[in-house]
Amino acid sequence: YYGEGIVIALLDTGFDLSHDALQNVNVVGEYDFVNQDDETSDEPPADDIGQDDHGTEVLSVIAGNSPGNFVGVAYDADYLLAKTERVSYEGVMFEQKIEEDWWVAGIEWAELNGADVVSASLGYSDWYSYNDMDGATARTTIAADIAVEKGIVVVVSAGNEGKSREWPYVSAPADGRNVIAVGAVNSMGILASFSSIGPTYDGRIKPDVLAMGERAYVVAPNSKDEYSTADGTSLSAPLVAGTVALLLQALPNID
């Protein structure tokens, strides 16, 4: 099982498909909600260089395929690519509320285009307090749970704030009641120190599952055939989303 017949939507910073392992990703639709066009790879000068690096790494974990070198979890699935996040603008880090609006627009677009699974390695906490992590406040959290009600399996990264004294908790939309929030472990199954923790403010256990997110193998962005490792729940989430796709392929009548 490699995901054939399953539609997976990724919400991220953009996607560069020029690497050998990404040449054959079956993209059935893509949209840039930041620049409002159909190109999700870097578009200078509107995008700072490197805008699409994170999304490219995330995509490789789930969709990459270079026989003998690299195999993603569900490389035979169909993909919807949504660019919903701006990393920086004119060299300054960009973290603003409009990114949640782009995220909501992205998951609505994914639902309209037939997504079975959504994988989102993004999270929002800067304009929230911990008591907002109750599964009913953040706009991305609300949108994610609505998507689940419409039949989509929504998988999101728990966050990388586990070491923070001020906010070690999961961020939105990982606090969603019906989303699968994914934390990170290393190759030995030991919890990564950076992986965000629960519970949610209303006392629910989060994250829901853990997957490898420490020194995960990824394609090296801006290269043709090089690979590297990366850390973060951003890498563990697509591993779980890909596994969900395989289950949906193998068990098409599963509820």
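In case you missed it, the structure is sitting above this.
Since this is a predicted model, take the numbers as computed values, not measurements.

About the cut-offs
Residues numbered from 1 in each chain as written. Predicted model: local features only at pLDDT ≥ 70, side-chain atom pairs only at ≥ 80, totals over all residues. Heavy atoms only, no water. Phe/Tyr/Trp six-rings, centres within 6.5 Å; stacked < 30°, edge-to-face > 60°. Helix = DSSP H or I, 4+ residues; strand = E, 2+ residues; numbered from the N terminus. Buried < 20%, exposed > 50% of the residue type's maximum accessible area, 1.4 Å probe, protein only. Pairing = 2+ DSSP bridges. Axes fitted to C-alpha atoms, helices over the stretch in contact; angles between N-to-C directions. Contact = heavy atoms within 4.5 Å.

**Student:** Is there a simple way to think about the packing of aromatic side chains in this case?
**Tutor:** The description of an aromatic ring pair uses the distance of the two centres, along with the angle that the planes make with each other. Scanning the entire structure with this criterion turns up 11 aromatic pairs. Their ring planes at 15 degrees and their centres at 5.4 Å tell us that Phe70 and Tyr227 sit as a pair that is stacked. Of the two residues, Phe70 is situated in strand β4 (residues 70-71) and Tyr227 in strand β13 (residues 227-230); the sequence distance between them amounts to 157 residues. A residue is classified by how much of its surface remains accessible, and Phe70, at 5% relative accessible area, is buried. A ring pair is formed by Tyr217 and Tyr227, whose centres lie 5.5 Å apart and whose planes are at 15 degrees; its orientation type is stacked.

**Student:** How should I be thinking about the sheet that holds strand β1 (residues 7-12) in this particular structure?
**Tutor:** Strand pairing in a sheet relies on backbone hydrogen bonds. The paired strands run either parallel or antiparallel. The 7 strands are arranged β2-β5-β1-β8-β9-β10-β11 in an open sheet whose pairing can be described as parallel. The open sheet is flanked by β2 (26-32) and β11 (209-212), the only strands paired with a single partner. Across the sheet, the axes of successive neighbouring strands diverge by a mean angle of 25 degrees, strand direction being ignored. Packing of helix α4 (residues 233-250) onto the sheet brings it into contact with β1, β8 (117-120), β9 (153-157), β10 (180-185) and β11, and relative to β10 it is tilted by some 125 degrees.

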